[in-house]
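# Coordinate inspection notes
One-letter residues, chain by chain:
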Amino acid sequence: MCDSPHPLAPLEEDEYVLDTPLVRDFVGSVRARIDEAESPARACELIQPLFQGLLADRTWLPERYQEAAAESGMGGGIGQWLLFRAADRSLSLFSLVVPAGAMTPVHDHLAWGLVGLYRGNQDEEFYRPEGGTLELTRRRPLEPGDHYVLLPPRDDVHRVRTTSDVTSVSIHLLANDTGCILRHTYDEDTGQARPFRSGYVNAECEGPIGLDLPGTT
């Protein structure tokens, strides 16, 4: 399967921020399944058993990657912690930490992949931007172990809210360097898209980080 181009300069090498045998084995197995797949949908199907195993393992993710972040590109203390990214920016693995009672803005990812809940509870809402509005297409509660597929442009725009009294932690495996690309938030009332870059707590990106950024970098 051919990967889509990524508008970021390549890194010198793959970056394993969480450099453990488990993460390296997981990434290697994911890449092998991507190479087998003829489409993003098929890649997600092949990767799902690996991803479910990662969500079920309570030992691999250190506490520091489950902490909120006061300075956050998504606001609300939401921390995005990079665990791995490919040198060509075609794949990233990261945790997203949402404090109790907080929620993300409505946002897109511009990449296919898998998202699953590792800790806490969330409500998830999917939207379809259409004709200057946002159409709510799905709402459901999430418990640890639940996961879902992102397949742009249809299934890509969503928002999550932590409903537990503890911080929620979700694991993202996406086919871009999600924290560093320029993507979009959406106004709930008008559906207007605004550029933003979420960034990572623990890794550098080119360009400014935050909400309501200029449309070019």
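The following refers to the structure shown. Worth saying up front: this structure is predicted, and the values here are computed from it rather than measured.

### A short note on the sheet that holds strand S5 (residues 122–130)
Within a sheet, adjacent strands bond to each other through the backbone by hydrogen bonds, running parallel or antiparallel. The strand order across the open sheet formed by 3 strands is S6-S5-S8, and the pairing between neighbours is antiparallel. The strands lining the two open edges of the sheet, one partner per strand, are strand S6 (133–142) and strand S8 (157–162). Across this sheet, the average inter-strand angle for adjacent strands is 20°, counted without regard to direction. Relative to S8, S5 runs antiparallel, the two sharing 6 bridges.

### Observations regarding helix H1 (residues 21–36)
With 16 residues, H1 extends 23 Å between its outermost C-alpha atoms, agreeing within 8% with the 22 Å of an ideal straight helix rising 1.5 Å per residue. Among all positions of H1, only Val23, Phe26, Val27, Val30 and Ile34 are buried. For H1, the angular spread of buried residues about the axis comes to 95°, placing them on one side. Structural note: H1 exposes Pro21, Asp25, Asp35 and Glu36 on the side pointing more than 90 degrees away from its buried face.

### Here we look at the side chain of Ser168
Counting through the fold element by element, Ser168 comes out in strand S9 (residues 168–174). Overall, the relative accessible area of 0% leaves Ser168 in the buried class. Excluding residues within four positions of it along the chain, Ser168 makes contact with Leu96, Val97, Val98, Leu117, Arg119, Gly120, Asn121, Gln122 and Thr162.

### Remarks on unusual backbone geometry
Along the chain, Pro152 connects to Pro153 via a cis peptide bond; the corresponding omega equals 0°. Among the structural elements, Pro153 can be located in the loop between strand S7 (147–150) and S8. Within the chain, Arg89 stands out as a residue other than glycine whose phi angle is a positive 65°. Residue position: Arg89 is located in the loop between strand S2 (79–85) and strand S3 (92–98). With relative accessibility at 2%, the residue Arg89 sits in the buried group. Phi at Leu110 is positive, roughly 60°, even though this residue is not glycine. A relative accessible area of 42% places Leu110 in the partly exposed class.

### A word on the state of the cysteines
The final tally for this structure, using the stated rule, is 1 disulfide. A sulfur-sulfur distance of 1.9 Å marks the disulfide that ties Cys180 to Cys205. In this structure, the disulfide formed by Cys180 and Cys205 twists by about -80° around the S-S bond and is classed as left-handed. Of this pair, Cys180 sits in the loop between S9 and strand S10 (183–186) while Cys205 is found in the segment after strand S11 (193–196), placing the two residues 25 residues apart along the sequence. For the pair Cys180 and Cys205, a shared accessibility class is recorded, and that class is buried.

### Examining the pattern of salt bridges
Any two side chains of opposite charge can pair, so long as their charged atoms come close to each other. Taken as a whole, this structure holds 16 salt bridges when the rule is applied. Close ionic contact of Asp177 with Arg89 constitutes a salt bridge, the shortest N to O distance being 2.7 Å. Here Asp177, found in the loop between S9 and S10, pairs with Arg89, found in the loop between S2 and S3; they are 88 residues apart in sequence, far enough to count as distant. Of the charged contacts in the structure, one is a salt bridge between Arg139 and Glu125, with a shortest N-O distance of 3.0 Å. Taken together, the residues span a long stretch of sequence, with Arg139 in strand S6 and Glu125 in strand S5 at a distance of 14 residues. A relative accessible area of 8% places Glu125 in the buried class. Via salt bridges that share partners, Glu15, Arg85, Arg89, Asp177 and Glu206 belong to a single interconnected network.

What counts as what
Residues numbered from 1 in each chain as written. Predicted model: local features only at pLDDT ≥ 70, side-chain atom pairs only at ≥ 80, totals over all residues. Heavy atoms only, no water. Pairing = 2+ DSSP bridges. Helix = DSSP H or I, 4+ residues; strand = E, 2+ residues; numbered from the N terminus. Axes fitted to C-alpha atoms, helices over the stretch in contact; angles between N-to-C directions. Expected span 1.5 Å × (residues − 1). Buried < 20%, exposed > 50% of the residue type's maximum accessible area, 1.4 Å probe, protein only. Arc of directions from axis to C-beta. Contact = heavy atoms within 4.5 Å. Disulfide = S-S within 2.5 Å. Salt bridge = Lys/Arg side-chain N within 4 Å of Asp/Glu carboxyl O.

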